[in-house]
Structures are given as structure tokens and as C-alpha cells.
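Per-entry structural report
Residue strings, one per chain:
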Amino acid sequence: MIWLTWRQHRKQALVTVIALAALAAVTVPTGVAMHRTFTDSGLAACLDKLGTSTLTSMDACVTLGQKFDNQYQGMTYVGILFVFLPLLVGMFFGAPLFAREFEHGTHRLIWTQGVTRLRWALVTFGLVGTFVTVLAVVYALGVSWWFAPLAAAGGGRLSYTAFDIQGIAPIGYSLFALALGIFAGTVCRKVLPAMGVTLAGYALVRILIETLARPRYLAPRTLSVPITSNQQFNTLSGDWIYSQGVINANGKLVVPNTTYTCGAPPGSAHASHGAASCGSNLVQQGLGPAPFKNWIQYQPADRFWAFQTIETVAFLALAALLLYLAVRRLRLIA
Amino acid sequence: MTGIALETGALGKRYGRTWALRGCTLHLPAGQIAGLVGPNGAGKSTLLHLAVGLLRPDEGKVRIFGQDPRTAVLTDIGFVAQETPLYRDFTATELITLGGKLNQRWDVELARSRLAQLGIPADRPVGKLSSGQRAQVALALALAKRPRLLLLDEPAAALDPLARREFLQTLMGAVGDTGATVLLSSHLMADLERVCDYLIVLQTGHVQLAGAVDDLLAEHRTLVGPRTASGALPGGAQVIRASHTDRQSTLLARIARPIENPAWAQHEVTLEDLVLAYLAAADTPTAPTCMGK
């Protein structure tokens, strides 16, 4: 059985390893360059000093962070490409795995030898699944390293894209994509339709989980701070900010998507007003009673691994379910 | 008589609401080379798939040497599926290795020497061989299991007449050596006439006729005589198919004993006449249903 699986998929495995090596040839030099700039520009040290607390009176790193972002903006888009790698696993490993057998009728050859189709399916999936897991681990480790400076200088590891290509979640995505492809193959029984179903299904599930489920994994925190305080929100804390704005004394959100910093030290990147006029301006605009506070609803950066674990377990559970359904469908096929 | 190789009892298989096979009762004695005949869609593949355990029956039972093919005996069945599917990028040698890995009983030498005899290159991907050669590779793989029952689903359908004759010859040769029971489906009567000594006629999911070819030929006659109503024959003869002109009737009948009525001229039937008569009869409402045995 092992020999058969290897003989059937060795070419594909070789191509994948070559593709991965080519990808490494691009990412390793750019990663090294990014890490070097990250350290040499003083951004790394600055961020170390800044810490990841949600409030800070320091603004120095913001300029360095923006400079870094400007230099490596293109890499963020490369990062988006990494989001699609697990999908390729589903389309090119998962979908054809069984569908090609049905399309060519070779399942009738294999299932009438001395091995049950359940054993055949489990060994095939076990070996391909192991290979995909190894690929996913290499991918996750590599991309986590490669993307770390971009995440630190930008929106943090919890932000979209950054979360999706780091940590352990890519392993969950890859195995889910594989199982989805296999299941689609047992439904469509033809390679191309199975690939199409995998593409659509994968995109749908990822988008639904990303937009509807993920923000609800844990209850978000809220924090508010007077607009006159010299402690303001740390934009480089890596927190995942759901929404922010200015609230009045009644707690009503009066200016969404903006924060005012009246007491911030000079050189701040934010708009600066005189501390006294700042609040009275808002009152004159009819926004309610002072004092005003800046308010955010957010997930703290240190919940990264909790979120990663929940997301990974969710996708592994979906993968297991799809695999179970695929095996059930195998019994109906002749 | 060495027992029953294939036995089905009221076997039925349904796809959605359509029964592909229903009420099928059959006993195929061991040692026979049986032809399974019927038009496309008659349920030939379904019956073979049920016999080899690829399908699960919706009703009734199927037994191979007394056992359920879905639980045991796969080692005893050799199967060549329709269009002789093989991994096209595998060489014949690799396919033989594959069979060895997946089967407990596997005769590597048998497979190799068969291919060598036929001059089939063992080191070329089978996708690059002719379809006749591919069918031979598939047959060699099925034979290497040393099966007691060999099931072939239209193995020769895609071959040209010459390759078909060659394939059937090698099949007969191999079966003669091993003594396996063979059930071979086809819609080409000429093929079956050449090789079969047992015949099963399947039509729209029912067994129309089953029996040893010699017995069937002995039991049936074409009778030509004065115009008569069907079924009004003496001596317990059963009319399978009747055609009439103004003056005379031509009947294909199953007769229990010779008819000694000089008004009727009797002719022996060919296998093809017989099969066509039963298939045509099945289209009429008075058709006999599953006859079996």
C-alpha cells in the first residue's frame, strides 16, 4: 500500500518540494534583508522598549515603523500570496487523490485486490496527510520568521493576513483543504469539478470563519482614556482593534474611527490641539457633555496563541468531519 | 460437479428509484465458462460489481463459493473491469509489483511469463501500449491472483476483431491451465459463441435465460408450420417468440420432447437466434421473469 501511494504521488511530491525550494530562494534573502533592516534601523530595540501594553506615552517607534513599512510595503502583498498556499494543497493534492481513480476507473482495479477500500483510503490519506503536515509545518515556521518584522512594524500578528500565515493555523488550513479536496472528489468523481468545488468551498469557509467566527472566539476588551491624557493607545502593541472612537461623558460614541490626542507631547503623529480647547470644541459641535475619552474595543496581542489554537482546532475538526463523510461516500461507489 | 461458484438469490440493486437489477436468482456451477449477455444497460456490470463486492446489494444475496464477497473471498476472485482500467503511467512490471503488494496470493512468474509470451514490453508505461496489449496486461494481473472465479466485464469490447480473437484465445488457454470458473460479459454474441459453455441472458435487470449452452441448444427448436395462435403447441412446448405471415408461423420454442407432428418443420437453433429470441420476448408483457437454474 505504501509503495503504491509513493509510486502514484512521487512525481507530485518532487514538484512540490522543488516549488517550495524555489519559494525559499525568494523568501530567505528578502527575509534576511527585512530582519537586518528591522534591527539596524533601531526599530527592533525601540519596540522592545515600547513593549506590548495597550497604553503608552511614547510615540518614537511610529515613525520608524512607518519608514520600515514604506520600505517593505511590497512584501505585505507577497504575504497575501502565502494565504493561498493551503488552497493549492486542497486543489492539487486533495481533489485528484480519489477523483482521479474514479475518473479513470482504477478504483475498480485497486478495490478488487486483497485490500479493503477503507484500508486503502486510510493509508492513502495517512501518507499524503503526513506529507502535507510536514509541508505545512515548514511553511508555517518559515513564513512566521519571514513575516515577523512586517507584523511587528504594522498591524500586529492578530491582524488579517498576518494571522493567517503564521503560527499553527496554516497546518489546520492545509489539512482542511486536503480533506475538503478528498471529499469533493468522492462527490464529483471527476478531477476538474472536484477542484472547482474545493476552490469555492475553501474560500467560502475561510471567509465565513474569518469574518463571523474569529472575532467572537473570545470576548473583546474595551478601554477608554481621557483625550487630555498623555497616555494614549499604542498603535504598535499588536492589539487587534475592532473599533475605536471618541466617547462623551455619557459613554456615547460621538466621533467614530478617530482618536483625539490633546495632551500628547510634541512630535506626535496625531492631530494636536490645546488641551483646554480640545474638549470645548467637541462640546460646541453638539457632541454632548465633557469630559471626552478615546475608546477602543480590541483583542490584546497576547491572545495570539489562544486564537491560533482555537482556529487550528476548528479547522482540524472540519477536516476530520469531511474525511469521515468522504469515507462514508466511498462505500456507495462502485 | 464441484459446487457453485456464483450464487445469487433474489438479488436487487437500485440506483435512485431505478432498479438496475432485480429478482435475480442464478447458480453458476464451478468449472464453467459462462457468458453474460444482454444489451447495454441490462445490468451486466451491476451484476458483476455485486459479485466482486464493489457494490452492496439493496435486496437479496450474492455468494461466491458460499461466501459474501464483501467480507471474504476477494482473494478467490479475479476481476477485469470494463475498459480494463490500469494506472497508465505504471509499467507492466510496476503493476505486477503492485499486485504483489496488495495480495496475499500472487503469482509473479505467471504474470511475467504471460506478458513475455505475448511480447508485451514490461518496461513501458501501459498508457503507451495498444488497447489490445493493455487488455492482456489487465488479464495477466487478474490471473496472477490465481483466482477460482474470474469475472470479466466486456474485456474485449474496445478491441478490434483481431485483438479480440487473440484476447479470447489467451483467456481460454489460461483458464484451461488453471481450471478457474469464468463469467464473461459481452454484447457480442460471436465472442461468446466461440468460448462459452454456459449462458446467462440478462435484460432490463432480469435473468431471461440461464443454462449450459449444449442443453439450451438441445431444448430449443425453430418450428415452421401452418399459421397458429401462439402457445397452442403440443407436447408441452413453450413458445418463446413467434412471427407470422399470412399462411405460416415461425416459432422459436422450448420443447420438452421432440414434436412428432409432420405439419411442423423443425430446425436447430443457433445461440444467437436463441439469445435474440429471448431478448425480444422480454419486451413483450408475457415475458418470463427470472428463470434461473
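Residues numbered from 1 in each chain as written. Chains lettered and ligands numbered in written order. Predicted model: local features only at pLDDT ≥ 70, side-chain atom pairs only at ≥ 80, totals over all residues. Heavy atoms only, no water.

The name recorded for chain B in an unreviewed UniProt entry is ABC transporter ATP-binding protein, from Streptomyces coffeae.

Under an unreviewed UniProt entry, chain A has the name ABC transporter permease subunit and belongs to Streptomyces coffeae.

1. With respect to the pattern of salt bridges
Note the cut-off: Basic side-chain nitrogens of Lys or Arg form a salt bridge, by our definition, when they fall within 4 Å of a carboxyl oxygen of Asp or Glu. For every residue, the accessible area (1.4 Å probe, protein chains only) is compared with the maximum for its type, and the residue is labelled buried under 20%, exposed over 50%, or partly exposed between those bounds. Each helix is a run of DSSP H or I of at least 4 residues and each strand a run of E of at least 2, with the numbering of both proceeding from the N terminus.
Enumeration according to the criterion identifies 18 salt bridges over all chains in this entry. Between A:Glu210 and A:Arg214 there is a salt bridge, and its shortest N-O distance comes to 3.3 Å. Take A:Arg214: its relative accessible area is 0%, and that puts it in the buried class. With a closest N to O distance of 3.4 Å, B:Lys44 and B:Glu154 form a salt bridge. Taken together, the residues span a long stretch of sequence, with B:Lys44 in helix α1 (residues 44–51) and B:Glu154 in the loop between β6 (149–153) and α5 (161–178) at a distance of 110 residues. Across the pair, B:Glu154 and B:Lys44 agree in class, each one buried. Ionic contacts of the salt-bridge type, sharing partners, join the residues A:Asp164, A:Arg206, A:Glu210, A:Arg214 and A:Glu311 into one network.

2. A short note on unusual backbone geometry
Its identity is not glycine, yet A:Asn257 carries a phi of approximately 60°, on the positive side. With respect to the helices and strands, the residue A:Asn257 is situated in the loop between β5 (253–256) and α10 (275–284). Classification of A:Asn257 by relative accessible area gives exposed; the value is 64%. For B:Thr84, which is not glycine, the phi dihedral falls at a positive 35°. Following the sequence through the fold, B:Thr84 ends up in the loop between β5 (77–80) and α2 (92–102).

3. A short note on the sheet that holds strand β1 (residues 4–15) of chain B
All names here are of chain B. Quick reminder of the rule: Two strands qualify as a pair provided DSSP detects at least 2 bridges between them. Interaxial angle, 0 to 180 degrees, is taken between N-to-C directions of lines fitted to C-alpha atoms, where a helix line uses only the stretch in contact. We call two residues contacting when some pair of their heavy atoms lies within 4.5 Å.
In space, the three strands of this open sheet follow the order β2-β1-β4, with antiparallel pairing throughout. The open sheet terminates on both sides in strands that have one partner only, identified here as β2 (18–29) and β4 (59–64). Pairwise comparison of adjacent strand axes, ignoring direction, gives a mean angle of 20° for this sheet. Of the strand pairs in this sheet, β1 and β2 are connected by eight bridges, and their pairing is antiparallel. Counterpart to Thr8 in the pairing with β2 is Leu26. Together, β1, β2 and β4 form the strand contacts of α1, whose direction differs from that of β1 by roughly 120°.

4. Notes on the environment of A:Val283
All names here are of chain A. Relative to the assigned elements, Val283 resides in helix α10. In this structure the C-alpha to C-alpha distance between Val283 and Ile168, which are 115 residues apart in sequence, comes to 48 Å. When sequence neighbours within four positions are dropped, the list of residues in contact with Val283 reads Gly288, Ala290 and Phe292.

5. Structural notes on the packing of helix α8 (residues 169–188) of chain A against helix α9 (residues 191–213) of chain A
All names here are of chain A. To keep things clear, this is the line we draw: Here the angle decides the label: under 35 degrees means roughly parallel, over 145 means roughly antiparallel, 65 to 115 means roughly perpendicular, and every other value means oblique. Note on convention: near helix rotated counterclockwise from far helix by under a right angle means a left-handed crossing. Clockwise means right-handed. Think of it as three bins: nonpolar holds Ala, Val, Leu, Ile, Met, Phe, Trp, Tyr, Cys and Pro, charged holds Asp, Glu, Lys and Arg, and polar takes everything else, Gly as well.
As a packed pair, α8 and α9 sit with axes 8 Å apart at the nearest point and diverge in direction by 140°. In terms of orientation, α8 lies oblique with respect to α9. In the packing of α8 onto α9, the handedness of the crossing is right-handed. Contacts between α8 and α9 pair Tyr173, Phe176, Ala177, Leu180, Gly181, Ala184, Gly185 and Cys188 from the former with Pro193, Ala194, Val197, Thr198, Gly201, Tyr202, Val205 and Arg206 from the latter. Across the contact of α8 with α9, the residue classes break down as eleven nonpolar, four polar and one charged.

6. Remarks on the domain arrangement of chain B
Residues and elements named next belong to chain B. Heads up, the rule is: Domain limits in this description derive from either an automatic procedure or a database domain assignment. Two parts lose some accessible area (1.4 Å probe) when they are put together, and adding that loss for both gives the buried area. In protein, a polar contact means a hydrogen-donor-capable atom and an acceptor-capable atom, both N or O and within 3.5 Å, with residues adjacent in sequence counting only if both atoms are side-chain atoms; elsewhere, any N or O pair within 3.5 Å suffices.
Once the domains are mapped, chain B shows domain 1 (4–204) and domain 2 (215–291). In this assembly, eleven residues from domain 1 lie in contact with nine residues from domain 2. Buried area between domain 1 and domain 2, both sides added, is near 870 Å², and the carbon and sulfur share of it is 77%. At the junction of domain 1 with domain 2, the criterion picks out zero salt bridges. Where domain 1 touches domain 2, the interface holds one residue pair in polar contact (both at pLDDT 80 or more). Listed by contribution, the elements that provide at least two residues to the side of domain 1 that touches domain 2 are β2, α6 (189–195) and β8 (198–203). Ranked by residue count, the leading element in the side of domain 1 that touches domain 2 is β8, at four residues. The residue makeup of the side of domain 1 that touches domain 2, split by class, is seven nonpolar, three polar and one charged.

7. Considerations on helix α7 (residues 117–153) of chain A
The condition is simple: By this rule the span expected of a helix is its residue count minus one, scaled by 1.5 Å. Two axes enter the definition of the bend at a residue: one is fitted to the seven residues ending there, the other to the seven starting there, and the bend is the angle between them.
In this model, α7(A) (37 residues) spans 52 Å end to end at C-alpha, consistent with the 54 Å of a helix rising 1.5 Å per residue. Maximal helix bending in α7(A) amounts to about 45°, located at A:Phe147; proline A:Pro149 follows within four positions.

8. Points about the sheet that holds strand β7 (residues 181–186) of chain B
All names here are of chain B. Strand order in this open sheet of six strands is β5-β6-β7-β3-β8-β9, and the pairing throughout is mixed. Among the strands making up the open sheet, the edge pair consists of β5 and β9 (206–212). For this sheet, the mean angle separating the axes of adjacent strands, direction not counted, is 15°. Two elements, strand β3 (residues 33–37) and β8, share four bridges in a ladder whose sense is parallel. Paired with Gly35 across the bridge in β8 is Leu199. Lying over the sheet, helix α4 (residues 131–144) contacts β5 and β6, oriented at roughly 170° with respect to β5. Running at roughly 170° to β6, α5 makes contact with β3, β6 and β7 of the sheet.

9. A word on the UniProt feature "transmembrane region" (unreviewed entry) in chain A
All names here are of chain A. The condition that has to hold: UniProt positions are given in the numbering used here, feature names are shortened, and annotations may be inferred rather than shown by experiment.
In the numbering used here, UniProt assigns the "transmembrane region" (unreviewed entry) feature to residues 77–99, 120–147, 167–184, 191–209 and 304–327. Along residues 77–99 the backbone is 96% helical and 0% strand, and the end-to-end C-alpha distance reaches 33 Å. Helix makes up 100% of residues 191–209 and strand makes up 0%, while its end C-alpha atoms are separated by 27 Å.

10. Things to note about a nonpolar patch on the surface
Going by this rule: Patch criteria: residues need more than 30% relative accessible area and no salt bridge. Like-charged residues are merged within 9 Å; nonpolar side chains of Val, Leu, Ile, Met, Phe, Trp and Tyr are merged within 5 Å. Computed with the Shrake-Rupley method and a 1.4 Å probe, the accessible areas treat only the protein chains shown as cover for residues.
Side chains of A:Val28, A:Val32 and A:Trp145 sit close together on the surface and give an oily, nonpolar patch of about 240 Å² of accessible area. Structurally, A:Trp145 is set in helix α7.

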